[in-house]
Amino acid sequence: MKVLSIEIDFLLEKTLQFKVELLGNSNSQRKRRRYISRFVTWLSLGVMGLLLVTACTPKNRHNIQIPIESGIAECHSFQHVMGETCIPTAPKRIITLSALTLNNALLLGVKPLGSTYFLDDRKLLISNGIEFLGPSQPNLEKISLLKPDLILGWENIDKSVYPLLSKIAPTVLGKWEEPLDWSKHFDFVAQVLGKEKEAKEAWQNYYKKIETLKIALGIDAVSLKENGYQGQKISFIHIHSGNRGVESDVKNSFAGSILDAVGLQRPTAQNINAYYGSISISEEELEKADGDVLFVSILRNNAKEAFAKIQKSPLWKRLNAVQKNRVYLVDSSTWSGSNLPAANAVLDDLYKYLVNTPL
């Protein structure tokens, strides 16, 4: 507390000065009264300064006035995975540290100045005039030049950069332990930005879309005629380049949670919970990718060659979904997006390929 230290030093200095002057001029009654009056004045000013500093000390979510030179007029205490941070009450210059945080902020009506973004396709950044700050770990120099008043992200960043980010601007990170935390992260972003009302409306729209899709598919209907997807298995895989090859997002994944919310069934191999919501499928195990409908996403551009190779495999050609021509390529940034706008887009895909393209 630099201000507090200055006040105490100042008060001690004036006290000492008074003592010297009083003792050195003991023969003058008038001077004594003048020195006593002056001491009381300095003492009052010192006490007022101490009270002012104490009143501005951060305490449990109370609003706090902080120095103007910091660029933030008012802040409040906010608890997050890295501790407690005083964040601006009305942030204007925001940086996001992940694609999912960025998408959630945009849905809430907040456009960040810049963001990290791991996907090859950066149309979202370009169309919104948002500066690219690196694929995953943030470019500190670029962030500093943007002069943010708030940095917002998730805990899946290199923790060693957190102190450096915090020196640039108040930095808060949301908890992220598993893929199903995607919904909690949206609420976290809304809370940090003071957009709880907008978040409530966004969730209402999401659940309304789910109910509309369920009605269109006849999910809750008893008869097979009305519920054409009764007993039908919906598969989802994503293709990687290199050793990762084919993977499937199972029940405890972002995509899995949406399919489950709609009431669609998964193939037996995918109807499980797995570490971080994903399982690997070797070329010899391609039957695990099969279903009555198969959705496929290609995570990066260099994985297109890997998918082309898989399609030439005899095992691929034997898949039920392939033989019925029910394989659909979908956007990886949507089906692996882990944010509320992406969840809405997954529902749109399901409506497009399951309702508008019936069995």
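Before reading further, recall that the structure is shown in the block above.
Residues numbered from 1 in each chain as written. Predicted model: local features only at pLDDT ≥ 70, side-chain atom pairs only at ≥ 80, totals over all residues. Heavy atoms only, no water.

Quick word on the overall build of the protein
Right, on to step 1. The number of helices and strands found in the protein is 14 helices and 13 strands.
Right, on to step 2. Per-residue burial over the protein gives 43% buried out of 359 residues.
Right, on to step 3. Partitioning the contacts of the protein with sequence separation of at least 6, the portion at a separation of at least 24 is 59%.
Right, on to step 4. Of the roughly 19500 Å² of accessible surface on the protein, 54% is carried by carbon and sulfur atoms. (Helix = DSSP H or I, 4+ residues; strand = E, 2+ residues; numbered from the N terminus. Buried < 20%, exposed > 50% of the residue type's maximum accessible area, 1.4 Å probe, protein only. Contact = heavy atoms within 4.5 Å. Areas by Shrake-Rupley, 256 points an atom, 1.4 Å probe, with all protein chains shown as cover.)

Notes on helix α14 (residues 340-355)
Right, on to step 1. Here α14 spans 22 Å end to end across 16 residues, near enough to the 22 Å set by a 1.5 Å rise per residue.
Right, on to step 2. Residues of α14 that are buried: Leu340, Ala342, Ala343, Asn344, Val346, Leu347, Asp349, Leu350, Tyr353 and Leu354.
Right, on to step 3. In this structure Asn339 caps α14, since a side-chain oxygen of it lies 2.9 Å from the backbone nitrogen of Ala342. (Expected span 1.5 Å × (residues − 1). Polar contact = N/O pair within 3.5 Å; in protein donor to acceptor, adjacent residues only side chain to side chain.)

Points about the side chain of Ser248
Right, on to step 1. Of note, Ser248 is situated in strand β10 (residues 246-249).
Right, on to step 2. The class for Ser248 is buried, based on a relative accessible area of 0%.
Right, on to step 3. At 2.9 Å, the side chain of Ser248 forms a polar contact with the backbone oxygen of Phe236.
Right, on to step 4. Once residues lying within four places of it in the same chain are set aside, the contact partners of Ser248 are Phe236, Ile237, His238, Arg266, Gln270, Gly277, Ser278, Ile279 and Ile281.

Some points on the layout of surface pockets
Right, on to step 1. The volume enclosed by the largest pocket comes to roughly 1400 Å³.
Right, on to step 2. Together, 47 residues line the largest pocket, and Phe118, Leu119, Leu299, Ser332 and Ser336 are the ones closest to its centre.
Right, on to step 3. Considering only residue class, the lining of the largest pocket consists of 20 nonpolar, 17 polar and 10 charged. (1 Å grid on protein atoms, 1.4 Å probe; cavity = no way out; pocket = protein on both sides within 12 Å on 5 of 7 lines; lining within 4 Å. Points joined across faces, edges and corners; volume = space filled by probe spheres on them. Nonpolar A, V, L, I, M, F, W, Y, C, P; charged D, E, K, R; others polar.)

Quick word on the nonpolar core
Right, on to step 1. Ranked by internal contacts, the top residues of the largest apolar core, which has 61 residues, are Tyr206, Leu264, Phe295 and Leu350.
Right, on to step 2. Counting residues per element, this core draws most heavily on α14, at eight residues.
Right, on to step 3. With residues up to four places along the chain from it excluded, the contact list for Leu264 reads Leu217, Ile219, Tyr229, Ile234, Leu259, Leu350 and Leu354.
Right, on to step 4. By size, the runner-up hydrophobic cluster in this structure holds 14 residues, among which are Ile237, Ile281, Ala289 and Ala321. (Core = buried A, V, L, I, M, F, W, Y, C linked by side-chain atoms within 4.5 Å.)

Describing helix α7 (residues 182-193)
Right, on to step 1. An ideal rise of 1.5 Å per residue puts 16 Å on 12 residues; α7 measures up with 17 Å between its terminal C-alpha atoms.
Right, on to step 2. Buried within α7 are the following residues: Trp182, His185, Phe186, Phe188, Val189, Ala190, Val192 and Leu193.
Right, on to step 3. Following α7 by one or two positions, Gly194 adopts a phi angle in the positive range, close to 70°.

Nothing here speaks to function; it is geometry throughout.
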